[in-house]
Amino acid sequence: MSALWSVGAGLLLLLLWVRHRGLEAVLVHHRWVFVCLFLLPLSILFDIYYQLRAWAVWRLHSAPRQHAQRVRHIQAQVREWKNEGSKRYMCTGRPGWLTVSLRVGKYKKTHKNIMINLMDVLEVDTERQVVRVEPLVSMGQLTAYLNPMGWTIPVVPELDDLTVGGLIMGTGIESSSHIYGLFQHTCVAYELVLADGSLMRCSPTENSDLFYAVPWSCGTLGFLVAAEIKMIPAKKYVKIHYKPVRGLQKICEKFTEESKKKENNFVEGLLYSLDEAVIMTGVLTDEAEQSKINRIGNYYKPWFFKHVEKYLKDDRTGIEYIPSRHYYHRHTRSIFWELQDIIPFGNNPVFRYLFGWMVPPKISLLKLTQGEAIRKLYEQHHVVQDMLVPMRSLEKSIQTFHVDLNVYPLWLCPFILPNNPGMVHPKGNETELYVDIGAYGEPKRKQFEARASMRQMEKFVRSVHGFQMLYADCYMTREEFWDMFDGSLYHKLREQMNCKDAFPEVYDKICKAARH
């Protein structure tokens, strides 16, 4: 009884403090209170629900049977839109707050919402080494499904909640991308419901124009209802080699050198300042030295980027064996390093051991509860951007990030970019090595102004024939946007498939200049 009285008294004091400071002030300046007390428990309930649902679908083997029926329902909604006179653009009915992108999609309120409830793994074809999935299957769900069977996919983008549909219609990358390319390059077929309600399958040999135009189109050519993705055999561990490097030129040289080595299954860099980094290379293996196994995904373990930083501070190299699934989702618990701004003490050993099992809060719930004050604060004083630039421009790009943003750590992830048709390809006629530079956090640059600084960054990225990931805030004009991206195939298909009255142009859907 005394314990209940203590809890009750604590809650009363908390409510009085919130009332005294004001709810908005608490949510803005002490957001960790709301996150720890409400969002973390709610995130656990979300996870339990989706895990139980996935288990039930797997046990009943109901996904393949229900898929065709669900697709017909989507087709019926599109035909209904046509019969109503095609007066508004269409979009998916999934609420904007459920997406991992931090951008708030206001178009959901004015467009015709098409409900798409497709979140299951449909088929694992071990002979073709292909898995067929629905668009709302998440990376966490997919690796949990495939790994016990001895399989994985070549590119497993970092965060658990990223979905197949988002990674195809937008893009996705991982530290294996220097071998396999972006997420779209590991896909072998897509199935879409088009603007006339028909169902079309596309692949490199079947409706190939559509196959190459779909990635980066952000749902403006049709509704994705299934995708086929390559599989590769899974191994138990990733043998990681950590190497601290100092001096920007040496960092770029070492990172480029390791990225070109095909014997490295994984390559990643964390840049902790302009001239300090840790470069990591990994190799898949079934054997491990027991004393060097690090189950970094366990809830009580240090956040991965903090663990890596120790090698820099101690100025030493190191080798570890990380269980494969732990490695694939190594940045999930700390949302890269974003969680340190939300829960400043989140990496404290006491917090990790007592509450780490509830981390991270769902990004979707953070979006849902952020409010207008926090949204504006993040928009003006926070950066979440991924810029894809040619590897030959890495040093110059890092210097530009430092001058315009001064955000650390920076994430470096190499990828091979083939010369395929579509919105994103190298400037020349050959495959080229690129690198994703990820900036997530509060800029330390004096007099940082979001719009001006990001427009300067976008101008630089265009000048080196780079690309901006479209999940983030984009400030380009229409002309600048189509200077960065190749719209020739995209616009041709929108004309051929009568998309202009059915879906907004990708620029109008994602760019701030078009939305404001």
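Parameters and conventions
Here the residue numbers are simple positions, counted from 1 along each chain's written sequence. Residues qualify for local features only when their pLDDT is at least 70, as the model is predicted, and side-chain atom pairs are given and counted only at 80 or more; totals for whole chains, interfaces and linings, by contrast, use all residues. The side-chain figures draw on all heavy atoms in the structure; neither hydrogens nor water molecules are used. A run of H or I in DSSP counts as a helix once it spans at least four residues, and a run of E counts as a strand once it spans at least two, with each numbered from the N terminus. Between the two quantities, the radius of gyration covers C-alpha atoms and the globule rule is 2.2 Å times the number of residues to the power 0.38. Exposed residues in this analysis have more than 50% of their type's maximum accessible area, buried residues have under 20%, and partly exposed residues fall in between, with area computed by a 1.4 Å probe over protein chains only. A 1.4 Å probe and the Shrake-Rupley method give the accessible areas. Residues count as covered only by the protein chains that appear here. For the charge count, each Lys or Arg is scored as positive and each Asp or Glu as negative, with His and the chain ends excluded. Every charge is mapped onto a representative atom, which is NZ of Lys, CZ of Arg, CG of Asp or CD of Glu. Two strands make a pair as long as DSSP finds a minimum of two bridges between them. Pairing of aromatic side chains here covers Phe, Tyr and the six-membered ring of Trp, requires ring centres within 6.5 Å, and sorts the geometry by plane angle: under 30 degrees stacked, over 60 edge-to-face, intermediate tilted. Charge over a ring is defined by NZ of Lys or CZ of Arg lying within 6 Å of the ring centre and within 35 degrees of the ring normal. UniProt positions are given in the numbering used here, feature names are shortened, and annotations may be inferred rather than shown by experiment. Joining through side-chain atoms within 4.5 Å is the link that ties buried Ala, Val, Leu, Ile, Met, Phe, Trp, Tyr and Cys residues into a set, and such a set is a nonpolar core. Throughout, a contact is declared for two residues whenever any of their heavy atoms are within 4.5 Å. Between N-to-C directions, angles cover 0 to 180 degrees, with each direction set by a line fitted to C-alpha atoms, over the stretch in contact for helices.

Draft legend 1. Spatial organisation of the overall build of the protein. Summing up its helical and strand segments, the protein has 21 helices and 17 strands in all. Its C-alpha atoms give the protein a radius of gyration of 23 Å, within 12% of the compact-globule value 24 Å for 516 residues. The dimensions of the protein, computed from C-alpha atoms along their principal axes, are 65 × 60 × 50 Å. Within the protein, the proportion of its 516 residues that are buried is 54%. Of the roughly 23,200 Å² of accessible surface on the protein, 54% is carried by carbon and sulfur atoms. If you average the places of the 64 positive and of the 54 negative side-chain charges in the protein, the two averages end up 4 Å apart.

Draft legend 2. Spatial organisation of the pairing of strand β15 (residues 410–417). Most of β15 sits out of view: eight of its eight residues are buried. Judged by which residues are buried, β15 turns out to be covered on both faces: Leu 410, Leu 412, Pro 414 and Ile 416 on one side and Trp 411, Cys 413, Phe 415 and Leu 417 on the other are all buried. In terms of strand pairing, strand β11 (residues 266–273) meets β15 through three bridges, oriented antiparallel. When the sheet's bridge partners are listed, Gly 269 is paired in β15 with Leu 412.

Draft legend 3. Layout of the packing of aromatic side chains. Taken as a whole and judged by the stated rule, the model has 27 aromatic pairs. Residues Phe 223 and Phe 503 carry aromatic rings whose centres are separated by 5.3 Å and whose planes lie at 75° to one another, so their mutual orientation is edge-to-face. On the criterion of sequence distance, the pair formed by Phe 223 in strand β8 (residues 223–230) and Phe 503 in the loop between α19 (488–496) and α20 (506–510) is long-range, its members being 280 residues apart. Its end group placed over the ring of Tyr 327, Arg 330 keeps NZ or CZ at 4.1 Å from the ring centre.

Draft legend 4. Representation of the UniProt feature "transmembrane region" (unreviewed entry) in the protein. The residues that UniProt annotates with the feature "transmembrane region" (unreviewed entry) are residues 32–50. The distance from the first to the last C-alpha atom of residues 32–50 is 25 Å, and the span holds 100% helix and 0% strand.

Draft legend 5. Spotlight on the nonpolar core. Tyr 190, Phe 481 and Phe 485 are the most contacted members of the largest nonpolar core, which has 146 residues in total. Broken down by element, this core gets its largest block of residues, seven residues, from β15. Once residues within four sequence positions are removed from consideration, Phe 481 is found in contact with Met 423, Leu 470, Cys 474, Met 476, Val 506, Tyr 507, Ile 510 and Cys 511.

Draft legend 6. Fine view of the sheet that holds strand β3 (residues 121–125). Taken together, five strands build an open sheet; the order of strands is β3-β4-β8-β6-β7 and the sheet is antiparallel. At either margin of the open sheet sits one strand with a lone partner, and together these are β3 and β7 (199–202). Geometrically, the sheet is characterised by an average inter-axis angle of 15° between neighbouring strands, direction not taken into account. As judged from the four bridges shared by strand β6 (residues 187–193) and β7, these two strands associate in the antiparallel manner. Its bridge partner being in β7, Glu 191 is matched across the sheet by Arg 201.

Draft legend 7. View of helix α10 (residues 304–313). Counting buried positions over the ten residues of α10 gives seven, a clear majority of the element. Buried residues in α10 make contact with β10 (237–246), β11, β12 (276–285), β13 (318–323) and α12 (339–342). Note on α10: the residue one or two positions beyond its end, Asp 315, has a positive phi of about 50°.

Draft legend 8. A look at the sheet that holds strand β16 (residues 432–441). Strand order across the open sheet formed by eight strands is β13-β10-β12-β11-β15-β16-β14-β17, with antiparallel pairing between neighbours. Here the strands that pair on one side only, and so sit at the sheet edges, are β13 and β17 (467–468). As paired elements, β11 and β12 share seven bridges and run antiparallel to each other. Note on β12: the bridge partner recorded for Phe 266 is Gly 282. The strands touched by helix α16 (residues 394–404) are β11, β14 (383–390), β15 and β16; relative to β16, the strand with the most contacts, the crossing angle is about 15°. Here helix α17 (residues 450–463) sits on the sheet and contacts β14 and β17; the angle it forms with β14, its principal contact strand, is near 15°.

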